[in-house]
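What follows is each chain in one-letter form.
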Amino acid sequence: MYCNQPPEKPGNKKELLEKITNMARANSLWVTAYGTGCGSIELRPLGTSRFDMERFGIAMRPTPRQADVLIISGYLATKTLKRVIRVYEQIQDPKYIIALGSCTINGGMYFDSYNTLNVLDKYLPVDVYVMGCMPRPEAIIDGFSLLMQKIKDGRAHGWKHYKENLDYYRENQKKIITDWDLPDYNW
Amino acid sequence: MFANFSSIALTILGALTWGLLLGGISRSVTARIHGRMGPRVTQNFIDLWKLFRKTSSIHHGGMFWMAPMFRITGAICVLIMVPLVVGQNITYNMSFAGDVFLLIYIMFFGCLGMALGAGNSGHPYAVIAVSRGLAQMSSYELSFSIAVVAIAVGLHTFKIEGIVAAQQAGITSWNIFRFPFASAGALLAFLPMQMAYPFGIVLAPQEIPIGPPTEYSSRMLSFMFSGRALFGVAKLILFVSLLFGGASSWLGLFVKTFLLYMYPVVVSSVFPRFRTEQSIRFLWFIPTTLALVDLVRVML
Amino acid sequence: MIDKVKNGFEIRFPLYKLVREQHNYLHVKVDMVSAMDAIVMAKTSLGHNVLQLISTVDRIEDGVFQITWILENYGACTVLLISADFPRENCLVPSLSQIWPAASAFEREIFEMYGISFPGNPREGEDFLLESWKDTPPMRRDFETEEYAMRVFGERQPREHIDPRQYVGDIVGEWNTPMGRKRKEEK
Ligand code: SF4
């Protein structure tokens, strides 16, 4: 389901309520189970008893409808970007993006590939980058705690930024997706 | 009248809190069995609040919105009809002769509403899960109903209050000892009711990721969760009243429901999952036969 | 085992070139016109009835695409590779999709990646890996990958290539590798 209107701009919420809610948001991050590159292999151990992400309230959800976090786990092909945009826009607000690996930061070892994009930030608003090729589960957990801190401080505004600068992001996305057939915004 | 209303409201609130807390405890118990730390026990409250405050912009038609309400309604109906604590009149919210049959029907009703709503969402996984769930429900509901009828016929009362009152003469008068076969059947039917493994074909995270609630998001999902917690507690209280002699004090109620809740948790964390037809075949034969044995015994 | 296959080729295609031979492996090269006949013969009378893969090499120096069909005989555990050269300009290769329906997928992939057309393939031109690719097919060697990546994905400077020998070669003298040790002994 989607509609062809631009998304409404988020307004200011009540302060105290927002603070309490931010605490709740930080302690219950649900991740869309969607892997793009090599990194999805490193995500699996997070759920096992050795690393156990559930103790931070992080859980995997199979559908973007119920998730808060989208993890871009490694190189992103232009073909995959189309799907990722769909998934990202279907996540309900507030939503965050964690990008793993040097491939998402500047192209990494695929910097001169014909179909993987180099700087993810131009196409989707990234809240936390975790560097490494591939980051170990410890590093990913570190990235999560950084995101939690950001949410608690109320600084994780990637999704607001995306909505406010939708034109900029769309322009960049359309530049590399030549057969653009997505609606104006996916709900 | 007012006392009645406030006691109902208190019951519902208490049941919700207790249900969510039990859910949190069960999550950490499962985690410990896996050898993990597991989440906090309050994790479910945090999740619920977060979900409640997320925006929601998904619409799939009227039934989609109604489904969680159906479930919550069913749970509340069960809650206010079953006496919570024996001897304290304030907890006898609404019980009347013949409410056993209404209860069995209403337990169906909540799941049916869920099924309609999930079917309306149009997601293929949700539809598959609903068809599996209804098939399984028709099989465990049979053994559960036969067990309840056996108990009711044996005690000559169709009122939950009467069934509870008949069990007050010490532990040996509990129905689980007076009707061992029917109780075994009902307890086996309790596993699929709680969607515990090996009967977890409805949520089956490996094939149909989470089944019915696939399309539900944010606020709707939080209602769904609270409905599930409420329904869980309602079922627990019903089982405690039917089989374990009701509760003579608040402490007894909490202890009994807690222990009963842990039973599917422990079972499900060590079992793999049946396939649909295996699960249904098992439920048609073993618990139903067990319950029938007692029914025949009582009739004779 | 493999002798029987070789005999078959000697009788039917006396001009074939033997590339490599092992006890269960044969790589032959035939000319462009008889490639199809050779494959049909391998399937019908030599028992190599499983198509493993169709691979392509862009030999830009010779102006040809070398196409290799890898056929396997599961009963006798032998592998047969049949190669043929096709001119690079307007390359047309007969399709195998009537013989092995699975060949259609390989051929679609080769069409996308090299621009080689397989007349007779019913699904040619359908999107396979790349969606709406407009440039030179990316696996051809006249496709400038780095230039393309810079133009489309932008911003990323190609990395500097540093030869470590320049810095440490003088210090350790010879490299402590098997090759290095060998060279030392030779001295
Ligand atoms: S950063 Fe390394 S591990 Fe990650 S996607 Fe790129 S190449 Fe793979």
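Cut-offs applied
Residues numbered from 1 in each chain as written. Chains lettered and ligands numbered in written order. Predicted model: local features only at pLDDT ≥ 70, side-chain atom pairs only at ≥ 80, totals over all residues. Heavy atoms only, no water. Helix = DSSP H or I, 4+ residues; strand = E, 2+ residues; numbered from the N terminus. Contact = heavy atoms within 4.5 Å. Salt bridge = Lys/Arg side-chain N within 4 Å of Asp/Glu carboxyl O. Buried < 20%, exposed > 50% of the residue type's maximum accessible area, 1.4 Å probe, protein only. pLDDT = per-residue confidence, 0-100. Axes fitted to C-alpha atoms, helices over the stretch in contact; angles between N-to-C directions. Parallel < 35°, antiparallel > 145°, perpendicular 65-115°, else oblique. Nonpolar A, V, L, I, M, F, W, Y, C, P; charged D, E, K, R; others polar. Buried area = accessible area lost by both parts, 1.4 Å probe.

**Side note on the environment of Ile91(A)**
All names here are of chain A.
1) Next: For Ile91, the location among the structural elements is in the loop between α3 (78-90) and β4 (96-100).
2) Next: Taking C-alpha positions, Ile91 is 17 Å from Arg170, a pair spaced 79 residues apart along the chain.
3) Next: What Ile91 contacts, discounting residues up to four positions off in sequence, is Thr32, Pro64, Ala67, Asp68 and Leu70.

**Things to note about the pattern of salt bridges**
1) Next: The full count for this structure, using the stated rule, is 30 salt bridges over all chains.
2) Next: The salt bridge involving Glu18(A) is made with Arg53(B); its shortest N-O contact spans 3.3 Å. Taken together, the positions of Glu18(A) in helix α1 (residues 15-26) and Arg53(B) in the loop between α2 (43-52) and α3 (62-81) put the pair across two chains.
3) Next: With its nearest N and O atoms 3.3 Å apart, the salt bridge here joins Asp47(B) to Arg27(B). Here Asp47(B), found in helix α2, pairs with Arg27(B), found in helix α1 (residues 2-34); they are 20 residues apart in sequence, far enough to count as distant.
4) Next: Judged by its relative accessible area of 2%, Asp47(B) is buried.
5) Next: Connected through salt bridges with shared partners, the residues Asp52(A), Glu54(A), Arg27(B), Arg36(B) and Asp47(B) form a single ionic network.

**So, the confidence of the model for chain C**
1) Next: Of all residues in chain C, 84% have pLDDT values of 70 or greater, and the mean over the chain is 84.
2) Next: Scored by ipTM, the complex comes to 0.84, with pTM at 0.81.

**A closer look at the packing of helix α9 (residues 218-243) of chain B against helix α10 (residues 250-270) of chain B**
All names here are of chain B.
1) Next: Running from amino to carboxyl end, α9 crosses α10 at an angle of 105 degrees, the nearest separation of the two axes being 9 Å. As summarised for this structure, α9 and α10 are arranged roughly perpendicular, according to the angle between their axes. Along the contact surface, α9 presents Leu236, Ile237, Phe239 and Val240, while α10 presents Leu253, Lys256, Thr257, Leu260 and Tyr261.
2) Next: Classifying every residue of the contact of α9 with α10 gives seven nonpolar, one polar and one charged.

**Points about the interface of chain C and chain A**
1) Next: In this complex, chain C contributes 22 residues to the contact, which on the side of chain A involves 21 residues.
2) Next: Between chain C and chain A, the buried area comes to about 1,700 Å², and carbon and sulfur atoms account for 53% of it.
3) Next: If you look at where chain C meets chain A, you find two salt bridges.
4) Next: Glu131(C) is the partner of Lys82(A) in a salt bridge, and the nearest nitrogen-oxygen pair spans 2.9 Å.

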